[in-house]
Amino acid sequence: MKLGYFPGCSLKGMARAYDESTKIVAEGFGIELMEVDDFNCCGALEAKGSNEKLSYMLPARVMDSAKGRFHVDAVVTPCNGCYHSLLRTNAAMNENANAKSDVISFLKDVGYGSYEGDLDVRHFLELFYNEVGPEKVKNAVKKSLKGLKVASYYGCLYERPKTITKTGYKSNRDDSENPYFQDELLAATGAEVVKFDAAASCCGGAHALQDESLSATLSATILSAAKKAGADILALPCPLCGAALDIKQPEIVKVHGNDAKIPVVYFTQLIGLAMGKSAKDLKLTDPISNPMEVLKSKGLV
Amino acid sequence: MAENTDKMVIDGVELVGIWKEFMPSRILYEDVTTEFLDEVKKLPGGSTIARCYQCGTCTGGCTLPEFVDKFNPRGFINLVRRGHYDILVSDYKDLVWKCVSCNRCTHRCPKGVNTQEVVRAIAKFLEDRKVFGKLTNDEAFDEIFMDEVLTDGRIDEVKIVKDFYSKTGRLKDMMSGDQLSLGFKMFTSGRIKLFGGKIKDWKKVSQRLKEELQ
């Protein structure tokens, strides 16, 4: 199976650590990723609120490019937002004849291929769980993360809504109400995954600028729930949640106090660490919430 | 309810006869106009609104009511369907746009309403009717975001933040000590790029996408 890798805009900017650690982890476990390097923005939540047709055209161009120019069988993205946009476009093209013909005529007008809404779209977390899985991760551990307590957080669009993710209909999907793929992968590194109620709650990241105080309250609820559950660190699979929970954390702590202060990393960074990769390559110094301090105190870096 | 003179005795207990009557309809049909419903249906994401049968599953699982008093997706849909535009504006206009797009409502809806997109469509419906008297934060952000996507093809987070603060008249907030030290850390660690990557045939694509917006 030839896999196209669609990082999305965030991973080429603020969430660089997620991009690089994903590539390190994929390479370490023999997953070959071919980067769709002429990708455009998927349109996120803004396109679908502005213009319906446009919100299908943007992801369709990415998928057409992946299929027509890079000849891949599936496209994988580590970003919950991009995952949502791509799946949503496929669902519309398969269920709505007008949406399909709009997209096809757009691709024809700009001299692209004839994408029909049939490319398999995978989230990197789901793919990594299904193709590699906790057992292989366990066998590949060079430096056990024993003693590190992790809160495993998923965010919203990873398994919601089922109308587009087909959760419950496709066998490779996670449980949408109580996701566990990331929990099992992190537990395989030797880390202790704490019981954590807010694993699939919303961080409010979609309104991080538009409605700052509400967004900060939602993020603070998650961060303090993780801390209350006894976690040393919070791991996640989404760059937008990363922006809300990590980059915005100093502002959140100012309002909501030290209860909301906890280091935040991408799950691929922890898996890479257990594989024996260096903190520098995994960009563990990138997060604003300073995970290096706790990792040092546990003797992991 | 009309007085009912029927008598009925079961096991020695006398029941009044109202059991034979229908409950009064919850919806008074003379009250309903579909003008607003039709308008919302045509907006992006609004097409599934009429499938709603008011069960309230969306609102029961909604992220916001715990934090935002009176936030009620089922209620917003009900007001639009029944044509109560005045109540929507007077009581709920400052709430509708607060949806954070967590999609729990859409995920759980038993009728296939795309609730998250419908709520966004209702907010857009209010924006289009200028009930806010100014550009809302949501509108400002969407405009900046789409403008940047159409121009460059990709999003530069720093540029988005800067343009958003400038468009909403809050540039000085961006110049606070915290923000500047954050920017410094981002820049020195190489996460702010001064020259973003360009997509080679984007101009043609952009032209075509802009036609769609007109």
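Bringing the overall build of chain B into the picture now. The number of helices and strands found in chain B is 11 helices and 2 strands. Ordered by position in the sequence, the α and β elements of chain B form the string β-β-α-α-α-α-α-α-α-α-α-α-α. Expressed as a percentage of the 214 residues in chain B, the buried residues total 28%. Counting only contacts in chain B whose residues sit at least 6 apart along the sequence, the fraction spanning at least 24 positions is 60%.

Here the focus is the domain arrangement of chain B. We note that the domain assignment places domain 1 (29–128) and domain 2 (137–193 + 203–208) within chain B. Of note, the centres of domain 1 of chain B and domain 2 of chain B, computed from C-alpha atoms alone, are 30 Å apart.

This brings us to the packing of helix 3 (residues 73–81) of chain B against helix 6 (residues 115–128) of chain B. In a packed pair of helices, the relevant descriptors are the angle between the two axes and the axis-to-axis distance. All names here are of chain B. The interhelical angle for the contact between helix 3 and helix 6, taken along N-to-C directions, is 55°, at an axis separation of 10 Å. Relative to helix 6, the element helix 3 lies oblique. You can see that helix 3 and helix 6 cross each other, and the crossing is left-handed. In this structure, helix 3 contributes Pro 73, Phe 76, Ile 77 and Val 80 to the contact, and helix 6 contributes Thr 115, Val 118, Val 119 and Ile 122. Of the residues contributing to the contact of helix 3 with helix 6, the split by class is 7 nonpolar, 1 polar and no charged.

On to the interface of chain B and chain A, then. If you look at the interface, chain B gives 45 residues, while chain A gives 45 residues. Mapped onto the side of chain B that touches chain A, the elements with two or more residues apiece are helix 5 (104–108), helix 6, helix 7 (137–152), helix 8 (157–167), helix 10 (177–188) and helix 11 (202–213) of chain B. Per-element tally for the side of chain B that touches chain A: the top contributor is helix 7 of chain B, with 7 residues. Each residue belonging to the side of chain B that touches chain A can be placed in one class, and the counts come to 18 nonpolar, 10 polar and 17 charged.

On to the domain arrangement of chain A. Size of an interface: often given as the accessible area lost when the parts come together. Residue and element names in this part refer to chain A. Assigned domains within chain A: domain 1 (3–123) and domain 2 (133–297). Taking only C-alpha atoms, the centre of domain 1 and the centre of domain 2 are 24 Å apart. Facing 25 residues of domain 1, the contacting portion of domain 2 comprises 28 residues. Looking at the side of domain 1 that touches domain 2 element by element, the count peaks at 9 residues for helix 1 (residues 16–28).

Moving on, we get to the sheet that holds strand 3 (residues 74–77) of chain A. All names here are of chain A. Taking strand neighbours across the sheet as the criterion, the 4 strands line up as 2-1-3-4 in an open arrangement whose pairing is parallel. Every other strand in the sheet has two partners, leaving strand 2 (33–35) and strand 4 (120–123) as the edge strands with one partner each. Each strand axis lies, on average, 35° off the axis of its neighbour in the sheet, ignoring direction. Two strands pair when backbone bridges link them, and strand 3 and strand 4 are joined in this way by 4 bridges, in the parallel orientation. The residue bridging Val 75 from the neighbouring strand is Val 121, located in strand 4. Sitting on the sheet, helix 6 (residues 124–131) touches strand 3 and strand 4, and the angle it makes with strand 4 is about 90°.

Turning to the nonpolar core, a few remarks are in order. Core analysis: the largest hydrophobic core is formed by 149 residues, its most contacted members being A:Val75, A:Val150, A:Leu234, A:Ala235, A:Leu270 and B:Ile122. Not counting the four nearest positions on each side in its chain, A:Leu234 is found in contact with A:Ala151, A:Tyr153, A:Ala226, A:Leu245, A:Ile262 and A:Val264.

Before going further, it helps to examine the sheet that holds strand 5 (residues 149–152) of chain A. Residue and element names in this part refer to chain A. The strand order across the open sheet formed by 4 strands is 6-5-7-8, and the pairing between neighbours is parallel. What marks the edges here is a single partner per strand, and that holds for strand 6 (192–193) and strand 8 (264–266). Where strand 5 lies against strand 7 (residues 233–236), 3 bridges are found, and the strand directions are parallel. Looking at strand 7, one finds that Ser 152 is bridged to Ala 235.

In terms of strand pairing, strand 5 of chain A meets strand 6 of chain A through 2 bridges, oriented parallel. Note that in strand 6 of chain A the partner of A:Val150 across the bridge is A:Val193.

The subject of this paragraph is helix 3 (residues 52–68) of chain A. Relative to the 24 Å expected for 17 residues at 1.5 Å per residue, helix 3 of chain A spans 24 Å between its end C-alpha atoms, a close match to the ideal helical length. Most of helix 3 of chain A sits inside the fold, with 15 of its 17 residues counted as buried.

A few words now on the packing of helix 3 of chain A against helix 4 (residues 80–95) of chain A. Residue and element names in this part refer to chain A. Close contact between helix 3 and helix 4 brings their axes to 9 Å; oriented N to C, the two are set at 100°. As judged from the angle between their axes, helix 3 and helix 4 are roughly perpendicular. Across the interface between the two elements, Tyr 56, Pro 59, Ala 60, Val 62 and Met 63 from helix 3 touch Ser 85, Leu 86, Thr 89 and Ala 92 from helix 4. Its residues assigned to classes, the contact of helix 3 with helix 4 comprises 7 nonpolar, 2 polar and no charged.

The next thing to look at is unusual backbone geometry. Between A:Arg160 and the following residue, A:Pro161, the backbone shows a cis peptide bond with an omega angle of -15°. By the element assignment, A:Pro161 lies in the loop between strand 5 and helix 8 (162–165). For B:Ser101, which is not a glycine, the phi torsion comes out positive at approximately 60°. The residue B:Ser101 is located in the loop between helix 4 (85–96) and helix 5 in this model. Positioned with a positive phi, B:Lys130 is a non-glycine residue whose angle comes to about 55°. Take B:Lys130: it is sitting in the loop between helix 6 and helix 7.

Thresholds applied
- Residues numbered from 1 in each chain as written.
- Chains lettered and ligands numbered in written order.
- Predicted model: local features only at pLDDT ≥ 70, side-chain atom pairs only at ≥ 80, totals over all residues.
- Helix = DSSP H or I, 4+ residues; strand = E, 2+ residues; numbered from the N terminus.
- Buried ≥ 20, exposed ≤ 12 C-beta atoms within 10 Å, placed from the backbone.
- Contact = placed C-beta atoms within 7 Å.
- Domains from an automatic or database assignment.
- Axes fitted to C-alpha atoms, helices over the stretch in contact; angles between N-to-C directions.
- Parallel < 35°, antiparallel > 145°, perpendicular 65-115°, else oblique.
- Left-handed = near helix turned anticlockwise from the far one by under 90°.
- Nonpolar A, V, L, I, M, F, W, Y, C, P; charged D, E, K, R; others polar.
- Pairing = 2+ DSSP bridges.
- Core = buried A, V, L, I, M, F, W, Y, C linked by C-beta atoms within 7 Å.
- Expected span 1.5 Å × (residues − 1).

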